[in-house]
Amino acid sequence: MGSDRQVTRIGVLALQGDVSEHVLALQRAAVAATMEVEVVEVRKPGQIENCQALALPGGESTTIRRQLDNSGLAEELKAAAHSGKPILATCAGLVLVSKEIEGAGRVKPLGLMDIKVGRNAFGPQKESFEADLAVKGLDSPYRAVFIRAPAIVGVGGNVEVLARVGGAVVAARQKNLLALAFHPELTEDSRIHQIFLKMLEA
Ligand code: GLN
């Protein structure tokens, strides 16, 4: 009704995982970036189409993949990625958008990003840890939380590496896809989510 405010709608895939944390983090980042953003939880076919960007949370990639197939959302997600909508894929989300997963695994990747991923790459002795990352585009270290984290073990030529822990790539971008092995939704620092919001301007 008569409102010409430009509100950007961002979806958070809400099949499993830390959904509410992403919703809050995106809302916080939007305030910091002085953007009007509406964040919606995506569960049903037809919703992705109405979002300008999408976040895939951490959780259990096997479960999320199964539910993507059962809900009919897998094809819509692929279409959104191919149409150029910004997609933030964190942890289990990163596993899902990859082209290849190391070793014989139970997860069938969606094949959206030209990366090869190792699941639980930091081993059981390092189930969860924090690290100060030098992230390309940020002018001071970013304290990142890793939980049973995957790592990117191979990247294609069109993938830009944004951060590493030791030799492992833990943040990367390929055009409209931003993939992170860690959990930016679990810390107060909203700079990573702001990088994602900036991708909406491109
Ligand atoms: N290791 C998990 C997986 O492969 C991801 C862990 C997480 O999202 N925190 O699904």
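Scroll up to find the structure this text is about.
Residues numbered from 1 in each chain as written. Predicted model: local features only at pLDDT ≥ 70, side-chain atom pairs only at ≥ 80, totals over all residues. Heavy atoms only, no water.

Draft legend 1. The arrangement of the overall build of the protein in detail. The helix and strand inventory of the protein stands at five helices and twelve strands. Taken over C-alpha atoms, the radius of gyration comes to 16 Å for the protein, in line with the 17 Å a tight globule of 202 residues would show. Residues classed as buried in the protein amount to 51% of the 202 residues present. In the protein, the share of contacts with a sequence separation of at least 24, taken over all contacts with a separation of at least 6, comes to 68%. Accessible surface computed for the protein: about 9500 Å², of which carbon and sulfur atoms make up 47%. Computed over 23 positive and 23 negative side-chain charges, the inter-centroid distance for the protein is 5 Å. (Helix = DSSP H or I, 4+ residues; strand = E, 2+ residues; numbered from the N terminus. Rg over C-alpha atoms; globule rule 2.2 N^0.38 Å. Buried < 20%, exposed > 50% of the residue type's maximum accessible area, 1.4 Å probe, protein only. Contact = heavy atoms within 4.5 Å. Areas by Shrake-Rupley, 256 points an atom, 1.4 Å probe, with all protein chains shown as cover. Lys, Arg positive; Asp, Glu negative; His and termini not counted. Charge placed at Lys NZ, Arg CZ, Asp CG, Glu CD.)

Draft legend 2. Looking closely at the packing of helix H1 (residues 19-32) against helix H5 (residues 191-198). Running from N to C, H1 and H5 point in directions that differ by 75 degrees, and their axes come no closer than 9 Å. With respect to their mutual orientation, H1 and H5 come out roughly perpendicular. Between H1 and H5, the contacting residues are His22, Ala25, Leu26, Ala29, Ala30 and Ala32 on the first element and His193, Gln194, Phe196 and Leu197 on the second. Partitioning the contact of H1 with H5 into residue classes produces seven nonpolar, three polar and no charged. (Axes fitted to C-alpha atoms, helices over the stretch in contact; angles between N-to-C directions. Parallel < 35°, antiparallel > 145°, perpendicular 65-115°, else oblique. Nonpolar A, V, L, I, M, F, W, Y, C, P; charged D, E, K, R; others polar.)

Draft legend 3. How the structure looks around the site of the ligand. With respect to spatial proximity, the complete set of residues near the ligand consists of Gly58, Gly59, Glu60, Ser61, Cys91, Ala92, Val95, Arg119, Asn120, Ile147, Arg148 and His183. Between the ligand and Asn120, the relevant distance is 2.8 Å, taken from a nitrogen atom to a side-chain nitrogen or oxygen of the residue. Take Arg148: an N or O atom from its main chain is 3.0 Å from a nitrogen atom of the ligand. Expressed as a share of its isolated accessible area of 300 Å², the protein-covered part of the ligand is 98%. Most atoms of the ligand, that is more than half of them, are within 2 Å of grid points of the largest pocket. (Near = heavy atom within 4 Å. Polar contact = N/O pair within 3.5 Å; in protein donor to acceptor, adjacent residues only side chain to side chain. 1 Å grid on protein atoms, 1.4 Å probe; cavity = no way out; pocket = protein on both sides within 12 Å on 5 of 7 lines; lining within 4 Å. Sits in = over half its atoms within 2 Å of the grid points.)

Draft legend 4. Structural detail: the packing of aromatic side chains. Taken as a whole and judged by the stated rule, the model has five aromatic pairs. Summarising the aromatic geometry, the rings of Phe122 and Phe146 are spaced 5.8 Å apart at their centres and angled 65 degrees between planes, so their arrangement reads as edge-to-face. Within this pair, whereas Phe122 is found in the loop between strand S6 (113-118) and strand S7 (128-133), its partner Phe146 is found in strand S8 (residues 142-147), the two being separated by 24 residues in sequence. Phe146 sits in the buried class, given a relative accessible area of 1%. Put simply, the rings of Phe122, Phe129, Tyr142, Phe146 and Phe182 pair up and form one aromatic cluster. (Phe/Tyr/Trp six-rings, centres within 6.5 Å; stacked < 30°, edge-to-face > 60°.)

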